[in-house]
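Spelled out from the first residue to the last, the chains are:
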Amino acid sequence: MKLFRPIFANARFAGSWVCCSGAILFILLLQLTSVTAAQPGLKTPRLDRDDLLVYRGSNGRAVAAKSIDDWKRRRASIFQGMQEVMGPLPGPEKRCPLDMWV
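About the thresholds
Residues numbered from 1 in each chain as written. Predicted model: local features only at pLDDT ≥ 70, side-chain atom pairs only at ≥ 80, totals over all residues. Heavy atoms only, no water. 1 Å grid on protein atoms, 1.4 Å probe; cavity = no way out; pocket = protein on both sides within 12 Å on 5 of 7 lines; lining within 4 Å. Points joined across faces, edges and corners; volume = space filled by probe spheres on them. Helix = DSSP H or I, 4+ residues; strand = E, 2+ residues; numbered from the N terminus. Nonpolar A, V, L, I, M, F, W, Y, C, P; charged D, E, K, R; others polar. Salt bridge = Lys/Arg side-chain N within 4 Å of Asp/Glu carboxyl O. Patch = residues over 30% accessible without salt bridge, like charges linked within 9 Å, V, L, I, M, F, W, Y side chains within 5 Å. Areas by Shrake-Rupley, 256 points an atom, 1.4 Å probe, with all protein chains shown as cover. Buried < 20%, exposed > 50% of the residue type's maximum accessible area, 1.4 Å probe, protein only. Lys, Arg positive; Asp, Glu negative; His and termini not counted. Expected span 1.5 Å × (residues − 1). Contact = heavy atoms within 4.5 Å.

Chemist: Can you walk me through the layout of surface pockets in this structure?
Modeler: Once rolled over the atoms, a probe with the size of a water molecule shows which space is left empty. Its volume calculated, the largest pocket comes out at about 620 Å³. Residue lining of the largest pocket: 19 residues in total, with Arg46, Leu47, Arg74, Ser77 and Gly81 positioned closest to the centre. Mapped by element, the contributors of at least two residues to the lining of the largest pocket are strand E1 (54–56) and helix H2 (68–86). Taken together, the residues that form the lining of the largest pocket break down as seven nonpolar, four polar and eight charged.

Following this line, the structure appears as structure tokens:
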């Protein structure tokens, strides 16, 4: 009686090696992409969307907004991020007079 049989001794385990190697390859590729995304010189990470009173300072670090000028910088970065996702907002040529009635 053999205690240690090779994996391929039984025909039903022959496909498990291919499945495991595919999963290992996927995990390795996932790790490689996360390492390349974290390299310096690429886009800085996004600020926390729940804390609106933090903006990026001139050195790239997160700084708490303590004045009106700080809030204007944060608002500008929020606006820029919104336009990156949605596209530019329409200008005054697209405005029309409001015709409100109840």
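What follows continues from the structure just given.
Chemist: Would you mind going over the pattern of salt bridges with me for this structure?
Modeler: Charged atoms that come close allow side chains of opposite charge to pair. Per the stated rule, a full pass over the model turns up one salt bridge. Residues Asp70 and Arg73 are paired through a salt bridge, measuring 3.0 Å at the closest nitrogen-oxygen approach. Linking Asp70 with Arg73, this pair stays in helix H2, spanning three residues, or about one helical turn.

Chemist: What is the right way to read a nonpolar patch on the surface from this model?
Modeler: Residues Leu52, Leu53, Trp71 and Ile78 make up a contiguous nonpolar surface patch of roughly 350 Å² in combined accessible area. For Ile78, a relative accessible area of 35% puts it in the partly exposed group.

Chemist: In this structure, what is going on with the side chain of Arg74? I would like to understand it.
Modeler: In this fold, Arg74 is placed in helix H2. In this structure Arg74 is buried but unpaired, with Asp51 as the nearest side chain of opposite charge at 7.3 Å.

Chemist: Sorry, what's going on with H2 here?
Modeler: Compared with an ideal rise of 1.5 Å per residue, which puts 19 residues at 27 Å, H2 spans 26 Å between its outermost C-alpha atoms and is within 8% of the ideal. The positive-phi residue at the C-terminal boundary of H2 is Gly87, with phi of around 95°.

Chemist: Can you help me understand the environment of Leu52 in this one?
Modeler: Secondary-structure assignment places Leu52 in the loop between helix H1 (14–37) and E1. In contact with Leu52, other than residues within four places in its own chain, are Trp71, Arg74 and Ile78.

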